[in-house]
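A look at the structure
Chain by chain, the residues:
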Amino acid sequence: MKFIVKPEITVEAVLTACISNLSDVALKDEYTAKVRILKSHENILERKIRSLELHTIPQNVQISAIANETALKKLYTDKLSKKGQLAREIYDDIMILAPNEKCPYCNHRPADTLDHFLPKANFPIYSITPINLLPACTQCNKGKLGSIPTRASEHTLHPYFDNIEDIQWLECIIVQVKKIKFEFRVKHLPRTDVMLRRRMEHHFASYGLNELYKSQASSEYMNIESHLKRIFNNKGKEELREFLFEAYLSRAEVDINSWQTALYKALHDNEDFIEGKFL
Ligand SMILES: [Zn+2]
């Protein structure tokens, strides 16, 4: 759930790069004649993302008999994503937008593929539209295949349009201190817009972020447990509290909503933990 400044390139520029070396001259002319339609659909898409109305966009829209849905998907596969093609530079330019090379949907795994926010199988008209193309990890890309919103609250966060970076929204809960167990969730923030909160929760569930983060937190905890025990046994609970606070602060400086920040905050804030009940 990371924000990315959206690419400035337009669908017209992507199309021009994709068809520059197209051998089928008739198809090339057909595309050139349909640029205005693609631009108009690009505008519609941006408007619908902003107004949370993606569910009102008709699926499988055709632009013409020749430059049809199959041909548009082929442009993505054979030109935009294919290594060695001129248009591949655009693909690579979008990939490098990934914050710290990480997937913006899960904010954990490496971004290693280009995701269609609205799947090209259902919305071929947006196969090469830049605001529909996002760097992502394979798991998030595959995990949400076919997930098309049916109402406003089912709009997962769009990294180019939803910026929640200034809210500390991720919370780690220590379910039990002895044989420690964690859960992650979207924190209840009374001043957060109700629709945004629903969408954040939907995003969190759709991408399996609780499962991902709690498994990472468990591994991290296993790696530091003996260190924490030594601090508590040799120096006492105040030293343990201080250590966890510093660990939290240094991670929060990097990202206030990483699972690491949430984990160390939860450990620091849990009085039973500080009292040594994890021993
Ligand atoms: Zn991901």
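See the structure above.
Everything in this summary refers to the structure shown in the same document. This one's a predicted model, so the numbers in the text were calculated from it and none came from an experiment.

Moving on to the overall build of the protein chain. Scanning the protein chain from N- to C-terminus turns up 11 helices and 4 strands. Taken along the three principal axes of its C-alpha coordinates, the protein chain extends 80 × 40 × 25 Å. Expressed as a percentage of the 279 residues in the protein chain, the buried residues total 33%. Contacts in the protein chain between residues at least 24 apart in sequence constitute 70% of all its contacts with a sequence separation of at least 6.

Val14, Cys18, Leu80, Ile128 and Leu263 are the most contacted members of the largest nonpolar core, which totals 66 residues. Looking at this core, you find at least three residues from each of domain 1 (11–148) and domain 2 (170–274). Among all residues touching Leu80, those that are not within four sequence positions of it are Val14, Cys18, Leu75, Ala87, Arg88, Ile90, Tyr91 and Ile128.

Two numbers describe how helix α1 (residues 11–19) lies on helix α3 (residues 35–50): the axes approach to 9 Å, and their chain directions differ by 140°. With respect to each other, α1 and α3 are oriented oblique. Here α1 and α3 pass one another in a crossing that is right-handed. Residue-level inspection shows Val11, Glu12 and Leu15 of α1 in contact with α3, the latter providing Val35, Leu38, Lys39 and Glu42. Considering only residue class, the contact of α1 with α3 consists of 4 nonpolar, no polar and 3 charged.

Moving on, we come to helix α4 (residues 69–80). Over its 12 residues, α4 runs 15 Å from end to end, which matches the ideal 16 Å to within 8%, given 1.5 Å per residue. Burial in α4 covers these residues: Ala71, Leu72, Leu75, Tyr76, Lys79 and Leu80. Along α4, the residues classed as buried sweep out an arc of 150° about the axis, all on the same side. With respect to the buried face of α4, the exposed residues turned more than 90 degrees away are Thr70 and Thr77. Buried residues along α4 sit in contact with α1, α2 (25–33) and α5 (88–95).

Let us now look at unusual backbone geometry. In this model, Asn60 sits at a positive phi of 50°, which is unusual for a non-glycine residue. Of the residues examined, Asn60 has 11 C-beta atoms within 10 Å and is grouped as exposed. The phi dihedral of Lys179 falls on the positive side, at around 50°, and the residue is not glycine. By the element assignment, Lys179 lies in the loop between β3 (170–176) and β4 (181–186). Classification of Lys179 by C-beta neighbours within 10 Å gives exposed; the count is 6.

Since the α-helix turns once every 3.6 residues, residues separated by three or four places project in the same direction. Taking 1.5 Å of rise per residue, 18 residues should cover 26 Å, and helix α9 (residues 237–254) covers 26 Å from first to last C-alpha, within 8% of that figure. Among all positions of α9, only Leu240, Leu244 and Tyr248 are buried. The buried residues of α9 all sit within an arc of 65° when viewed along its axis, so they share a single face. In α9, the exposed positions that point more than 90 degrees away from the buried face belong to Glu238, Glu239, Glu246, Ser250 and Glu253. Lining the buried residues of α9 we find α8 (209–235), α10 (259–269) and α11 (271–274).

The next thing to look at is the pairing of β4. Side chains Phe182, Phe184 and Val186 of β4 all project onto a buried face; the interleaved residues Lys181, Glu183 and Arg185 project onto a face where none is buried. With 6 bridges joining them, β3 and β4 adopt antiparallel strand pairing. By the bridge assignment, Glu171 is partnered in β4 with Arg185. Hairpin connection, β3 to β4: the antiparallel pair is bridged by 4 residues, and Lys179 has positive phi, about 50°.

Conventions and cut-offs
Residues numbered from 1 in each chain as written. Predicted model: local features only at pLDDT ≥ 70, side-chain atom pairs only at ≥ 80, totals over all residues. Helix = DSSP H or I, 4+ residues; strand = E, 2+ residues; numbered from the N terminus. Buried ≥ 20, exposed ≤ 12 C-beta atoms within 10 Å, placed from the backbone. Contact = placed C-beta atoms within 7 Å. Core = buried A, V, L, I, M, F, W, Y, C linked by C-beta atoms within 7 Å. Domains from an automatic or database assignment. Axes fitted to C-alpha atoms, helices over the stretch in contact; angles between N-to-C directions. Parallel < 35°, antiparallel > 145°, perpendicular 65-115°, else oblique. Left-handed = near helix turned anticlockwise from the far one by under 90°. Nonpolar A, V, L, I, M, F, W, Y, C, P; charged D, E, K, R; others polar. Expected span 1.5 Å × (residues − 1). Arc of directions from axis to C-beta. Pairing = 2+ DSSP bridges.

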